2 protein chains.
Amino acid sequence: MILNKIREMMKEQNINAYIIPTLDPHGSEYLPEHFKERKFVTGFSGSQGTALITEEAALLWTDGRYFIQAEKEIKDTGFSLMKMGIEGYPTLNEWLQENLAPNSTVGLNAKYYLQSNYEELEKLLSDKKIKIVDSDLISDLWTDRPALSNSEVFLHDIKYTGLSSEEKIEQVREELSKVKADLTILNGLDDIAWIFNIRANDIKNTPVVISYAVIEQEQAYLFIDSAKLKESVKKELEKFCAIKSYDEIFDHVANYTDKTIYINVNRINRKLYSEIGPSNRIVRGKDISSKLKSIKNKVELENQKNAYIKDGVALAKFTYWIKTQEDISKYNEYEVSEKLLEFRKMQEGFIEPSFDTIAAYGPNAAMMHYTATEKENAQLQSRGFLLVDSGGQYIDGTTDITRTIVLGELTEEEKIDFTYVLKSHLALMGIVFLKGTDDRQLDAITRAPIWKYRYDYKSGTGHGVGYLLGVHETPPTVSMKSAGNEVKVGMIFSNEPGIYKEGKHGIRTENIVEVIEDVKNESGTFLKLNTISYAPIDLEAIDVNYLDEDEIALLNEYHAKVYDKLSPYLSEDEREWLKTNIRKITR
Amino acid sequence: MILNKIREMMKEQNINAYIIPTLDPHGSEYLPEHFKERKFVTGFSGSQGTALITEEAALLWTDGRYFIQAEKEIKDTGFSLMKMGIEGYPTLNEWLQENLAPNSTVGLNAKYYLQSNYEELEKLLSDKKIKIVDSDLISDLWTDRPALSNSEVFLHDIKYTGLSSEEKIEQVREELSKVKADLTILNGLDDIAWIFNIRANDIKNTPVVISYAVIEQEQAYLFIDSAKLKESVKKELEKFCAIKSYDEIFDHVANYTDKTIYINVNRINRKLYSEIGPSNRIVRGKDISSKLKSIKNKVELENQKNAYIKDGVALAKFTYWIKTQEDISKYNEYEVSEKLLEFRKMQEGFIEPSFDTIAAYGPNAAMMHYTATEKENAQLQSRGFLLVDSGGQYIDGTTDITRTIVLGELTEEEKIDFTYVLKSHLALMGIVFLKGTDDRQLDAITRAPIWKYRYDYKSGTGHGVGYLLGVHETPPTVSMKSAGNEVKVGMIFSNEPGIYKEGKHGIRTENIVEVIEDVKNESGTFLKLNTISYAPIDLEAIDVNYLDEDEIALLNEYHAKVYDKLSPYLSEDEREWLKTNIRKITR
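Residues numbered from 1 in each chain as written. Chains lettered and ligands numbered in written order. Predicted model: local features only at pLDDT ≥ 70, side-chain atom pairs only at ≥ 80, totals over all residues. Heavy atoms only, no water.

Chemist: Whenever I open this one, the relation of the copies chain A and chain B confuses me. Can you help?
Modeler: Two chain copies here: they are related by a rotation about an axis and a translation along the same axis. Each copy superposes on the other: chain A lies on chain B with an RMSD of 0.1 Å after a rotation of 180 degrees and an axial shift of 0.1 Å. Here the copies are linked by what is in effect a two-fold axis. Of the residues that chain A buries at the interface, 100% are likewise interface residues in chain B, meaning the two copies contact each other through the same surface. (Least-squares fit on C-alpha atoms with pLDDT ≥ 70 in both. Contact = heavy atoms within 4.5 Å.)

Chemist: Could you clarify how one ought to interpret the interface of chain A and chain B in this entry?
Modeler: A common way to state how big an interface is: give the accessible area lost once the parts meet. Contacts between the two partners involve 28 residues from chain A and, on the opposite side, 28 residues from chain B. For the pair chain A and chain B, the two sides together bury roughly 2400 Å², of which 53% comes from carbon and sulfur. Looking only at chain A, the three residues that lose the most surface to chain B are Q441, W451 and R454 of chain A, adding up to 27% of its buried area. In this structure, the connection of chain A to chain B is made through four salt bridges. Note that R440 of chain A and D438 of chain B form a salt bridge whose closest N and O atoms lie 2.7 Å from each other. The tally of links between chain A and chain B comes to twelve residue pairs in polar contact (both at pLDDT 80 or more). (Buried area = accessible area lost by both parts, 1.4 Å probe. Salt bridge = Lys/Arg side-chain N within 4 Å of Asp/Glu carboxyl O. Polar contact = N/O pair within 3.5 Å; in protein donor to acceptor, adjacent residues only side chain to side chain.)

Chemist: Explain the packing of helix α4 (residues 92-99) of chain A against helix α5 (residues 115-126) of chain A to me, please; I cannot follow it from the model alone.
Modeler: Axes are the key here: two packed helices are described by the angle between their axes and the distance separating the axes. All names here are of chain A. Between α4 and α5, the least distance of the axes is 10 Å, while the angle of their chain directions is 30 degrees. In terms of orientation, α4 lies roughly parallel with respect to α5. The two elements α4 and α5 cross, and the hand of that crossing is right-handed. Contacts between α4 and α5 involve N93, L96 and Q97 from the former and E120, L121, L124 and L125 from the latter. Considered class by class, the residues forming the contact of α4 with α5 number four nonpolar, two polar and one charged. (Axes fitted to C-alpha atoms, helices over the stretch in contact; angles between N-to-C directions. Helix = DSSP H or I, 4+ residues; strand = E, 2+ residues; numbered from the N terminus. Parallel < 35°, antiparallel > 145°, perpendicular 65-115°, else oblique. Left-handed = near helix turned anticlockwise from the far one by under 90°. Nonpolar A, V, L, I, M, F, W, Y, C, P; charged D, E, K, R; others polar.)

Chemist: Quick question: what am I supposed to make of the pattern of salt bridges here?
Modeler: Working definition: two side chains of opposite charge can pair if their charged atoms are close together. All names here are of chain A. One pass over the structure, following the stated rule, counts 75 salt bridges over all chains. The partner of D190 in a salt bridge is K293, and the shortest N-O contact between them spans 3.5 Å. Of this pair, D190 sits in helix α8 (residues 189-196) while K293 is found in helix α12 (residues 288-294), placing the two residues 103 residues apart along the sequence. Take D190 and K293: they sit in the same class, and that class is buried. Salt-bridge contacts for D443 lead to R447; the nearest nitrogen and oxygen are separated by 2.7 Å. Note that D443 and R447 are positioned in helix α16 (residues 439-452) at a spacing of four residues, about one turn of the helix. (Buried < 20%, exposed > 50% of the residue type's maximum accessible area, 1.4 Å probe, protein only.)

The structure is reproduced here in structure tokens:
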């Protein structure tokens, strides 16, 4: 039993409690298999959770999405489930505070711990003078550990990126100068991919490369397994940076003395941070490149828009296919998601899905993170809603779009709910706002119509979208949880309000918008949003009595654009179908 | 010349630069005459400005509202005007950084400097090792200085306050316990008045008492000129606090050792702060009582609502008077504001205006802080708008309300502007929002309609309102400038969007709202706003084509309430007039 072996090692190393979080050294949203230590130890395969082992206890914390799955998967491993957010279950921190003896020792692998979380833990344990030690107890035990992916790196051509890597590095250096820093250490994979214009296939759905980087005022370094670099790529990169091996980063950082180093402690792992010598001065902030890449340049925007047209064509063809099936109940959720993938694969430059497609029928759509699999899925029926949330990685952009498709008869409640989701969606689509407005404010303006219906969706209204990178990016974070990021021209983000009713249905209408300038006048500069994703919004689900004239006009205007953008790429049958299904509506 | 005398003293005391801000020791919004040192020195009587004197320079910084007035008033005093916000004029801080020599000395009266501003200044000057000294150069020169007001203190009866002072002190102590503090030092006059349930007439428009207070876990102290306390009041206060003389606060604070002291550094003056000995630990935060008093209790709300009905009656009578004048051009702005005061004085429990009435005709209303005086004012005309922003201090509450009244013919632009202001006003009036929403978000939701019109008003949407205290209170601050205060049940604040067009007109429609609970359901707790101020919104100025059905319904509903609340207190003529002028409108 793995648990016993870990406990033996803990005893040898005088560790009283060992923490195994869910993280890679780069703070990635999706983990490569190689880094899934918590899954190896506990058996639990969900995307979120933390394990804790002491002499007596073996506990796994995870959230409500995963209670049933986790109970099943941790059976026979010796672990007990700690239900996050449920009364009677202490949090991990509360548990540590209550149960650890003074002067005891907590172990963890500092490579899988963010510096900011580490500082919190340190503070928490300092009252009892509890020590934290960096210890890897898993590597020796995990004999069949999957290798780190070694997919081949390709250069993202300047015709897609608009800026060369040299130019991006120069931008980073300018920002470093402003805060009087000598260098910055990067370990966010999307940031590194964006700066160096490199992509690969190291993580499913996100075409990044496992690597570290350092940018000094005069020199840039990329820390990467050189086996991933074919000669031509290596040559190109060496024009503007020094290439070192992946693990060399630790020694490299340890060698700095008397430098001012800019770091995002919410992104850097504790081990790397701890290598920084005490003679250096640290400036904390968000990743410079995260801010830079949140403002898409003209070439990026042009390409991204093109990708959204291709993606819209796939979605329109898919919707036509669904709507024209004689008997949709022949198919299950998984099968239709595979069908959608077929349509995406027909599009030029498609690489892979940008996340696991959510194709959720009926009540399943009320579970916000539901994913059907080949083994577990529901059969469709010719009534109610099918929610399809999907996206693609294309060579010229990353897409994300959700439509809730009518499969047959609807209840009055389903129609009203759909219409209120649409009202909130249109509130954001048609917004005009003063420069300086933040994402938290846009979130509230979007929610206002659905709040009048006395409903609140427990997710953000939207998230930034990467460019052949992660489908979730920040800034912006259009959410009640945002501390407030200014919404700037060139940002793109999702507009995805929804209504989720357990046991009944789930409805979400998601488009992607770009922030553009509206007018400048004596009041200042006004901005607005241009929706760049195109697919029909199902008219069969709208109760027009709940829409006002401005909302109807906005919907009709959007649908006219959908037809213009997509019809050239559709068959005649599809085009005719589309024409009917995006027809102008009136009250 | 005062300036030369100050320079002589500066020389004697080796002071290279002397700063004279606009502040009293309590951070009050309106200053008692006794504290207007900047006015005494520079001649400039505006409400905002900072003077700086060096051997060569004598400068006065103030903002755009006051450029013309200040130029006039400082003529012949030796001061030059520094126009804040205008290119080419350095800020005070920039000026100091550029012009002061290393190791020089800056003087200021630390009683008139907030600790937070002092810390900023200290930081700014530390690079050049410039010293700051506490020095009062004005008192000896100002021979005819007005005495500190010694108005008589009265107890605000529990039938108005709902809570005894003992209970309020207990609430403060509970909050102190939560942050493990032994005591808090208070120098905000509204906070002290609220906690001790005392009021007086030390400051125009705001019935507070010049005083300091300290609340320890076992004892409370009030520092006040005892001449202000008649025997019965003193006896009542001594039941729960020790009374000391006003100036004793400094020695009292200096005597604390090894204590944990809770302080708002944005409110305490530098001199008082500097008395705190180094053995004490300081916990910084907003005034505990500011948070407590922002949530009005049931008795306060009931009284406050009653005050708003009386205030509405005065406003309705006034509007009737205006509207039924045969020739309104007989009157000027000042005369109508005096007329309004007459109507307020007829109301039971009226004490004084809560601020200087803004009665602004035509283009004058575009100046947001315009006040007509007996000497300087404009004559009304029988066309366009008269904006009247006014309020009262009543024994049972503080009021604030604005109406823009039609005096005759309007342009199409005036009507559309009025209607857009109304749209934004109604957006906030009818809002439903989830618990947890903040004031900055409400501000954006209110602005959304007026932003669509490509206009932005350069003021907040609203401010908290005191209870027989300052007409401006925070929290909440419904503004783009707010960092975000949660909007809570029991708060009351103003809803006052506007449109201001230089040389043309100014329009503002202001009501006061209370935050109340709406429904609790699976989504959480929803809150909404109940408008508690009542006066007709001028139907003659509305272009109904710009309103949607929900907006019209909301306006009609509000007007029906206006009639219900006010009509019992009006004459028959007034009642008939009101009925016609709040009639239901339709498209």
